[in-house]
Every structure is written in structure tokens, then in C-alpha cells.
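Spelled out, the chains give:
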Amino acid sequence: MNLLNADLHCHSRFSDGTLSPTELAERASAQGVALWALTDHDEIRGLAEAAAAAQTLGMGFVNGVEISVTFAGETVHIVGLGFDATDAGLQAGLAHTRGGRLARAQGMADGLAKVGLPGALEGALRYVSNPDLVSRTHFARWLVETGVCSDTGAVFRRYLTDGKPGFVPHRWAGLGDAVAWITRAGGVAVIAHPGRYRFSVNEEFALFSEFKAHGGQGVEVLTGSHGPADTAKYSEMALEFGLLASRGSDFHSPSESRIELGSLPDLSATLTPVWQALKWRAPQQRLTPFSA
Ligand code: AMP
Ligand code: MN
Ligand code: MN
Ligand code: MN
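Note that the structure is a prediction, hence the values are computed from the model and not measured. Position numbers for residues start from 1 in each chain and track the written sequence from start to end. Throughout, the order in which chains and ligands are written sets their labels, letters from A for the former and numbers from 1 for the latter. Predicted model: local features are reported for residues with pLDDT of at least 70 only, side-chain atom pairs are reported and counted for 80 or more only, and whole-chain, interface and lining totals are derived from all residues. By convention in this description, side-chain values take in all heavy atoms of the structure and omit both hydrogens and water.

### Comments concerning the environment of Ala34
Note on conventions: DSSP H or I runs of at least 4 residues are helices, E runs of at least 2 residues are strands, and numbering of each starts at the N terminus. Along the polypeptide, Ala34 turns up in the loop between helix H1 (21–30) and strand S2 (35–38). Taking relative accessible area as the criterion, Ala34 reaches 29% and is therefore assigned partly exposed. The spatial distance from the C-alpha of Ala34 to the C-alpha of Leu112 is 43 Å, given a sequence separation of 78 residues. Residue contacts follow a heavy-atom distance rule, with two residues in contact if any of their heavy atoms lie within 4.5 Å. With residues up to four places along the chain from it excluded, the contact list for Ala34 reads Leu4, Asn5, Met59, Gly60 and Trp280. Throughout this description, buried means an accessible area under 20% of the type-specific maximum (1.4 Å probe, protein chains only), exposed means over 50%, and partly exposed covers the range between.

Next up, the structure:
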């Protein structure tokens, strides 16, 4: 069960990925993924296409989302898995969370214009497929294409992180709200990429404790941004807090993502995989039409 090639975190054009849900499903299947989830930022409108493509490919699939949360002054991401995508509370919560993105993007563009980079909103919008989901990633792609920076990582370091000219502080969902939207829709909530947050030991303890108290059940142990030390640390914390362990590449794009779909190490046998708590089964092999 732990050795399943599950990839439960990636992004399509419905948020800041560059592939369609169908293209992602095909790529995941070609990489040997047996259980897949699409987890766009604050957005679930790509899931119907993703589910249909997974079914056609004979690949297991569960609904997914990655919700932006503000906790202790930092942005934290909470992944939801296996929920009912028709749940009205979840849909309303996500719509509210997406709501401020365009005004924030205008503020980012104003900040960039002040340091000699005019036209950033129009530039970023050329990379946006979903008008409700303008993300820092789209600004980063534009600044790479125009030659201002050599790669998206450099754009974030120079322009888009706290204190830099294109950064606009934003208040996302509350931790308890995000966990409640997911769990009330029948899903499992998971702390995404915990190794990326710049928390003190006490703040991190508070995040895990409060997440658990709100009904959160899982943590990403294996993810594209974790090195072996992060994986070891969060494996320990999963055991300490009684959390299920998740595995997901956080794939965004063939040219930008460090980790390919379905290519993370196996989950340690000491952990309980999150997929044990999810309702899923591999679809039946498609029947080959009989021709006499
Ligand atoms: P937003 O939701 O608009 O704040 O954008 C967050 C997204 O930016 C994340 O989901 C990542 O895809 C991307 N991102 C954040 N930090 C970095 C970084 N240092 N390098 C490249 N991409 C990043
Ligand atoms: Mn992203
Ligand atoms: Mn994330
Ligand atoms: Mn992600």
C-alpha cells in the first residue's frame, strides 16, 4: 500500500500550471502514476475534465484543491483530497478566497511600475487562462520572457517575495475555515509542503496543533520542494501528531518544475499513507472492442 505511485499535488491551467487537466492526466499516466489528484490553487473547476481523462486512461483519481491560508502572518497551503466537488460550502469558500486576486495583481503591477517595469498586469494576463486566478507565477513567467530575469526562481527572489517591489501582502482564508470547507465536503485536509514555511519552532508547533484540532488529518512528507532532511523531519512529525502521510510532486510545468509527475521516492513503511483514508479504486481496464 505504501509503495503505490500516488501523485496527489499538481497544477493545471485552471491555476498556475501550464498544461490542461487532460495533458496532465496523460503525462501522469505515462509516468506510471496509479492514483492522481489535480490540486489547483483555490479552484476546482478543472476537476471534471481531470476525472474524465483519468477514467479514460485507467488511472485512479481523487478530487483535489490547494487552498491559500494566512497563519501567523505567513501564507500556508492546505491541500484537500477526496471531497465532493458539488459541495456548496466548499465552492463558496473557494470563490471568496479567489476574490481578491485581481486587485492584488493590480497592486503588484503598480509596485513593479515604480521600479521601472510598466505593463506588468497586461504582461502577466497573457499567461493567465483562468481570469479569477491571477497568480505571482504568471508575473514571473512574463518577467522571464521579457528577459528581466533568467528564471522564475530569480523573479521571486528579486521582485515577488515579502519586502520586494512586486509583493502585495494579502489576507487569504483562515486555517479553520479551509479545513472545515474540505472536511464538511467529505474530504481529507493535508498540510502542503511544510518545509517551505519560515516558521519558528513554536509557530510550526501551533500550525500542526491547530490544524489537527480543526480536523486536519494529513501532511505532505514527500513533495517536490523537500530534500531528504525535510522528509525525515516531517515523517517524524506525522508520527508525533498522528497525521497521515501524503506524496505529491507539486508539478506546474514541464520546463519549470524540478520534480516530474510520479517520480518522488516511495513513502516509508513506518507511515500511514493518506490514500488509506480516501475512497478510490483503479478504473477497470477499458474493454477492447471485439472485431470478428
Ligand atoms: P500566489 O498564490 O499568487 O501567491 O502564488 C504562489 C505560487 O507561486 C506558488 O504556488 C508557486 O507556484 C509559486 N512560487 C512561490 N514561491 C516561488 C519561488 N521561490 N520560485 C518559483 N515559484 C514560486
Ligand atoms: Mn503554484
Ligand atoms: Mn503550494
Ligand atoms: Mn502547489
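Let's pick the thread back up.
### Quick notes on the site of ligand 1
Being near a molecule or strand, for a residue, comes down to having at least one heavy atom within 4 Å of it. Around ligand 1 lies a shell formed by Asp16, His41, His77, Arg101, Arg104, Ser135, Arg136, Thr137, Gly153, Phe156, Arg196 and His252. The separation between an oxygen atom of ligand 1 and a polar side-chain atom of Ser135 is 3.5 Å. Between ligand 1 and Thr137, the relevant distance is 3.2 Å, taken from an oxygen atom to a side-chain nitrogen or oxygen of the residue. Cavities and pockets are found on a 1 Å grid laid over the protein atoms alone: a cavity is a set of points where a 1.4 Å probe fits but cannot escape, a pocket is an open set with protein on both sides within 12 Å along at least five of seven lines, and a lining residue has an atom within 4 Å of such a point. To be counted as sitting in a cavity or pocket, a molecule needs more than half of its atoms within 2 Å of that site's grid points. Here ligand 1 is seated within the largest pocket. Broken down by secondary-structure element, the contributors of at least two residues to the shell around ligand 1 are helix H4 (101–114), helix H6 (136–145) and helix H7 (152–160). Nonpolar residues are Ala, Val, Leu, Ile, Met, Phe, Trp, Tyr, Cys and Pro. Charged residues are Asp, Glu, Lys and Arg, and all others, Gly as well, are polar. Looking at the shell around ligand 1, its residues break down into one nonpolar, six polar and five charged. Summarising the domain contributions, the shell around ligand 1 has at least three residues from each of domain 1 (6–98 + 171–277) and domain 2 (101–160). Counting of polar contacts relies on pairs of N or O atoms within 3.5 Å, with two restrictions inside protein: one atom must be capable of donating a hydrogen and the other of accepting it, and residues adjacent in sequence are counted only when both atoms are side-chain atoms. Each domain's extent was defined by an automatic or database domain assignment.

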